[in-house]
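The chain contents come next:
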Amino acid sequence: MHGVTYRGAAVAENSTHGIRADGPAEIGRRVLRLRTAKGLTQRQLAEPAYTAAYISTLEAGRVRPSETALRHLADRLGTTVDELATGRPAHLATRLRMRLTDARRTLATGAAEDAAARYAALRDEAARAELTSEHAAARLGLGDCALETGELTEARDHYAAAEALLADEPLPRRVPALRGRATAHLLAGELRYACYLLETALDELNASGLHDPDALLLLYTASIAPYMDMGAHARAAHAAELALALAPQVDDPALVAGMHRGVARTLIAEGRIAEADASLAKAQELYQQLHIRTELAHCHWMRGYVRAQNGDLEGAESELRTARDMLASKRAPLFTVQVEVELADVLRRRGKAAEAEGLLSPLLAPSATESALGAERGAVHAGGAHRLLGLIAEERGLTETAEEHYCAALSLLERTGAAGDLADLCRLLGDLLRRTGRVEAALDAYRTGLGHRAAPGTTTLGPAPAAPPM
């Protein structure tokens, strides 16, 4: 373990004890203070194993105590070896871990800003005490908070800091931070890089024989979303199959719930709506038991999508409104506006175009910094919002406005590599151009769309990651 030099003295390695101990002068002053507080003489502290002269020399900072001496002194002074050698209060790490649990509970049930304040205090305290594991956990928590509030750059920085703190640990210990960083890139629209991070970690885990079911399940589940957005449905389905096979080896219900939610996406794409709904029901039940409100809202969000795909637009609207209200109450602005884009799609399909437009227009306004969507923040949903506004404009006969929205969506989606959305958008743009007599431009748009759909189920990322030994 690592300790802290609270009074600025030099820190040195105590190789016999295996901890990062303070220098002799600092330890000597600490022994003197504790001995005086206990009302012991130097002889009383020293005997029977040592002499009063040794204690005098030690308190003067002229000798470094051995591990055996530290244990003797700690026992007589009523403290721990770690506290005596480093100045770290006894049981500090345990108290920090308890407070980390409280911070996680706050993030699950309350506002991310409140949880972030707790995590920030824990980060600072753990850093001062050089408690690497607790420091990394606090950084991971701050990343989760920033992800929920939509501060994607800040989230990536926290996750990267957690990875750096755990650089000497086995890869499974770094996986939660790595997965968080990949998710931040995904939400920013950097789908290909998110896949690269996840696939690289999977290859390293499987090639090295580090068969850690929790880490593997987290990585395979996380890879489903970018695969689906990129149109790599076959690879997403394979990741879902591997995740399902790993689930019986995992005890963490939150990981299992996340797996069910991820697998539901692949089932929807395969038209297996009833199975997708059943998978989401399992996830929802687990999140309710765990009181994780953000993930529970995501379940309502996806169930809304399932109902929309199945033609139940009224049910879809109800689920999506529930998800939006839950996320808004959690003060999770990025997720809230992403749900509003999907809600607007349902509203338009239900003939409520004006209400849909009223939802969408503010989301793209540059002045709406907290809720705005754009190239660096929710690019896929920003493209979706422009697509919907284009459809609404086209239905009103405003072809120029529709074309502007389609082109804006195309620019956003080309950057992300969201193949399915790109193909659909190119079809819409091509149809519009053809109807307005621009046949050559329409053909170019169709060709672009066909290029994005040329190899369904694959990506240009290279071979799929190696499968784990089951």
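Residues numbered from 1 in each chain as written. Predicted model: local features only at pLDDT ≥ 70, side-chain atom pairs only at ≥ 80, totals over all residues. Heavy atoms only, no water.

In the nomenclature of an unreviewed UniProt entry, the protein chain corresponds to Transcriptional regulator from the organism Streptosporangium nondiastaticum.

A word on the overall build of the protein chain
Note the threshold: Helix and strand labels come from DSSP, where a helix needs a run of H or I of at least four residues and a strand needs a run of E of at least two; each type is numbered from the N terminus. Note on exposure labels: buried denotes an accessible area under 20% of the residue type's maximum, exposed denotes more than 50%, and partly exposed covers the range between, all computed with a 1.4 Å probe on protein chains only. All accessibility values rest on the Shrake-Rupley procedure with a 1.4 Å probe; residue burial counts only the protein chains present in the view.
Secondary structure assignment for the protein chain yields 23 helices and two strands. Counting only residues that meet the buried cut, the protein chain has 52% of its 470 residues in that class. Accessible surface, the protein chain as shown: approximately 20500 Å² in total, 52% of it carbon and sulfur.

Re helix H22 (residues 419-435)
Residue pairs three or four apart in sequence face the same way in an α-helix, which turns once every 3.6 residues. Counted only if it meets this: Expected helix span is taken as 1.5 Å per residue step, with the number of steps being one fewer than the number of residues.
For H22, spanning 17 residues, the distance from its first C-alpha to its last is 24 Å, which sits close to the expected 24 Å at 1.5 Å a residue. A positive backbone phi angle near 85° is found at Gly-437, which sits one or two residues after H22.

Some words on the nonpolar core
What counts is decided by this rule: In plain words, nonpolar cores are sets of buried Ala, Val, Leu, Ile, Met, Phe, Trp, Tyr and Cys residues tied together by side-chain atoms within 4.5 Å.
Ranked by size, the top nonpolar core spans 110 residues in total, and within it Leu-219, Tyr-220, Leu-360, Leu-373 and Tyr-406 carry the most contacts. By residue number, the principal contributor to this core is helix H12 (residues 213-229), which donates 10 residues. Grouped together as the second largest cluster of nonpolar side chains are 17 residues, Ala-103, Ala-129, Leu-131 and Ala-138 included.

Section: the side chain of His-300
Here is the rule we go by: Within 3.5 Å is the distance limit for a polar contact, defined as a pair of N or O atoms, with the added protein rule that one can donate a hydrogen and the other accept it, and that residues adjacent in sequence qualify only through two side-chain atoms. Contacts are residue-level and defined by heavy atoms, with any inter-residue pair within 4.5 Å sufficient.
Mapping His-300 onto the fold places it in helix H16 (residues 293-309). At 2.7 Å, the side chain of His-300 and the side chain of Glu-319 are in polar contact. Beyond its immediate sequence surroundings of up to four residues, His-300 is in contact with Gln-284, Glu-319, Thr-322, Ala-323 and Met-326.

Observations concerning helix H10 (residues 171-187)
Note the cut-off: Each residue is assigned a bend, namely the angle between axes fitted to the seven residues that terminate at it and the seven residues that start at it.
If you check H10, its first and last C-alpha atoms are 24 Å apart, about what 17 residues at 1.5 Å a residue would give, namely 24 Å. The axis of H10 is deflected most strongly, by about 30°, at Ala-177. With 14 of 17 residues buried, H10 is to be regarded as a mostly interior element. One or two steps after H10, the chain reaches Gly-189, where phi turns positive at roughly 95°.

What about the packing of aromatic side chains?
Defined as follows: To pair, rings of Phe, Tyr and Trp, with the six-membered ring standing in for Trp, must have centres within 6.5 Å; the planes then decide the type, stacked if under 30 degrees apart, edge-to-face if over 60, and tilted in the middle.
Across all of its chains, the model carries two aromatic pairs by this definition. With 5.1 Å between their ring centres and 20° between their planes, Tyr-50 and Tyr-54 make a pair best called stacked. With a centroid separation of 5.8 Å and 25° between ring planes, the pair formed by Tyr-193 and Tyr-196 is classed as stacked. Taken together, the residues span about one helical turn, with Tyr-193 and Tyr-196 both in helix H11 (residues 191-208) at a distance of three residues. Tyr-196 sits in the partly exposed class, given a relative accessible area of 47%.

Section: unusual backbone geometry
Negative phi characterises most residues that are not glycine, and trans characterises most peptide bonds. Going from Glu-47 to Pro-48, the amide bond is cis rather than trans, its omega being 5°. Relative to the helices and strands, Pro-48 resides in the loop between helix H2 (42-46) and helix H3 (52-59). For His-291, which is not glycine, the phi torsion reads 60° and is therefore positive. By the secondary structure assignment, His-291 is in the loop between helix H15 (273-290) and H16. With a relative accessible area of 53%, His-291 lands in the exposed category. Phi at Arg-331 takes a positive value of approximately 55°, unusual for a residue other than glycine. Within the element layout of this structure, Arg-331 appears in the loop between helix H17 (313-329) and helix H18 (333-349).

A short note on the packing of helix H6 (residues 92-109) against helix H7 (residues 112-128)
So the rule is basically this: Axis geometry follows a simple rule: fit a line to the C-alpha atoms, using only the stretch in contact for helices, then measure angles between N-to-C directions, giving values from 0 to 180 degrees. Under this scheme an angle from 65 to 115 degrees is roughly perpendicular, one under 35 degrees roughly parallel, and one over 145 degrees roughly antiparallel; angles in between are oblique. In this scheme, a crossing is called left-handed if the near helix is turned counterclockwise away from the far one by less than a right angle; it is called right-handed if the turn is clockwise. Residues are grouped as follows: Ala, Val, Leu, Ile, Met, Phe, Trp, Tyr, Cys and Pro are nonpolar; Asp, Glu, Lys and Arg are charged; all remaining types, including Gly, are polar.
Interaxial distance between H6 and H7 falls to 8 Å at its minimum, and their mutual angle equals 165°. Regarding the angle of H6 to H7, the classification is roughly antiparallel. When the axes of H6 and H7 are compared, the crossing they make is left-handed. Contact with H6, carried on its side by Leu-92, Leu-96, Arg-99, Leu-100, Asp-102, Ala-103, Arg-104, Thr-106 and Leu-107, involves Ala-112, Asp-114, Ala-115, Arg-118, Tyr-119, Ala-121, Leu-122, Glu-125 and Ala-126 of H7 and no other residues of that element. A class-by-class count of the residues in the contact of H6 with H7 yields 11 nonpolar, one polar and six charged.

A few points about the packing of H18 against helix H20 (residues 379-395)
Following both chains from N to C, one finds H18 and H20 inclined at 25°, their axes separated by 9 Å at the closest point. In terms of their interaxial angle, H18 and H20 are classed as roughly parallel. When the axes of H18 and H20 are compared, the crossing they make is left-handed. Along its contact with H18, which presents Gln-338, Val-341, Glu-342, Ala-344, Asp-345 and Arg-348, the element H20 presents His-381, Gly-384, Ala-385, Leu-388, Leu-391, Ile-392 and Glu-395.

Quick word on the confidence of the model for the protein chain
Here is the rule: Per residue, pLDDT captures the predictor's confidence, and it can take any value from 0 to 100.
In the predicted model, the protein chain carries a mean pLDDT of 87, and the fraction of residues at 70 or more is 90%. The spread of mean pLDDT over the elements of the protein chain runs between strand S1 (residues 11-14), the lowest at 35, and helix H9 (residues 152-165), the highest at 96. In the model, residues 454-461 has pLDDT below 50 throughout and makes 16 contacts with residues more than four positions away in sequence or in other chains.

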